[in-house]
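Results of the structural survey
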Amino acid sequence: MTDLVIRPLVAGEEELFDSMPDPLPQLRQISYADGIASGGYRPEHTWVALRAGRVVGRAAWLLLPGSVGEPWLERFDLDLAPATEAASVVGAALLRRAHAALGGPKVYHAALPACWRRQPKVRAVAEASMAAAQLAGLIERGERLRFSWAGGPLPAPSGRFSFRPAEDAAEINALVARIAEPVVLTGAETARMVAEVDLASDPLDWLTGTPPGSWRVALDGDEAVGLAGPTADACFPMIAYLGLLDESVLGELLADSVAALAGGGAYEVVADVDAHRVAVVAELERTGFRRVRSRVVFAPA
């Protein structure tokens, strides 16, 4: 068998990266060419495995301009033509060589279509890449689901709760301090990797373009029972933060947040949630959100 060649790209070899057929064309993600144009992808952060001049594995680490953190593995694809196990071995060799050059293992966000476990062909692609990541020393840390609302009626409110804009940053920070663990955090990975900001505890440090008056406070009588940060000032309209002091307000706070964004002209609203939050997933779906993507997170041991 022809020897395997593993190396980084050099400037001008963008077409070599794209010469490998996309194993998950149904997954909506930034193209490599667009990533190069924006400065997020760089040749020195992009590695390929070649056999007889053909790309059989590729990996691209992303580092957005202005980031203070380290690059993370955003694209990682393997040729499964020989066999899934053989592809995983190739992938692990590719990652080890790249990690050595990049100063050590980096976080890997394995982007996958929604409900990927139910699709045998998609699952085979996913499992080959994830097995390679594990062979290269990365450990699975959890799964995040992305949901999208794209119009449609919202559940009617019960009348128990009322909603108003946040008064100021001080009120937002006071409520954030009382919320042990937010249930929706959209873009938390980017906030951490780009600016080293914990969206759960310091959301205003990341959502600097969103005025405090855009935040929504849920009330049961005069008592605050929930806080949401719907924003149209990020890359797209999203519920960036949603935390509860009373779990029963979840559905109505979700609906209120979507209504606030839709009232401002949003046609689509996204929300990210940890896959293990079954009750939150169910409430998002009841509110009219649908799953559009999964991301399985791997991190160095």
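Structure: above.
The rules behind these values
Residues numbered from 1 in each chain as written. Predicted model: local features only at pLDDT ≥ 70, side-chain atom pairs only at ≥ 80, totals over all residues. Heavy atoms only, no water. Helix = DSSP H or I, 4+ residues; strand = E, 2+ residues; numbered from the N terminus. Buried < 20%, exposed > 50% of the residue type's maximum accessible area, 1.4 Å probe, protein only. Contact = heavy atoms within 4.5 Å. Pairing = 2+ DSSP bridges. Axes fitted to C-alpha atoms, helices over the stretch in contact; angles between N-to-C directions. Parallel < 35°, antiparallel > 145°, perpendicular 65-115°, else oblique. Left-handed = near helix turned anticlockwise from the far one by under 90°. Nonpolar A, V, L, I, M, F, W, Y, C, P; charged D, E, K, R; others polar.

Some thoughts on the overall build of the protein chain
- Per the secondary structure count, the protein chain includes nine helices and 13 strands.
- Oriented by its inertia axes, the alpha-carbon framework of the protein chain measures out at about 75 × 40 × 35 Å.
- Relative to its 301 residues, the protein chain shows a buried fraction of 51%.
- Relative to all contacts within the protein chain whose residues are 6 or more apart in sequence, the contacts with residues 24 or more apart total 71%.

Considerations on the pairing of strand E5 (residues 108-112)
- Most of E5 sits out of view: five of its five residues are buried.
- Along E5, one buried face is formed by Tyr108, Ala110 and Leu112 and the opposite face, lined by His109 and Ala111, is buried too.
- Direction of pairing for E5 relative to strand E13 (residues 290-300): antiparallel, over a ladder of five bridges. Across the sheet, alanine 111 pairs through a bridge with arginine 295, a residue of E13.

Side note on the pairing of E13
- Across ten bridges, the pairing between strand E6 (residues 138-149) and E13 is antiparallel. By the bridge assignment, phenylalanine 147 is partnered in E13 with arginine 291.

Observations regarding the packing of helix H8 (residues 250-263) against helix H9 (residues 278-286)
- H9 packs onto H8 with a crossing angle of 45° between their chain directions and a minimal axis gap of 10 Å. The angle between H8 and H9 places the two elements in the oblique class. Of the two elements, H8 crosses H9, and the hand of that crossing is right-handed. Here H8 contributes Leu250, Gly251 and Leu254 to the contact with H9, which in turn contributes Ala279, Val280, Glu283 and Leu284.
- Taken together, the residues of the contact of H8 with H9 sort by class into five nonpolar, one polar and one charged.

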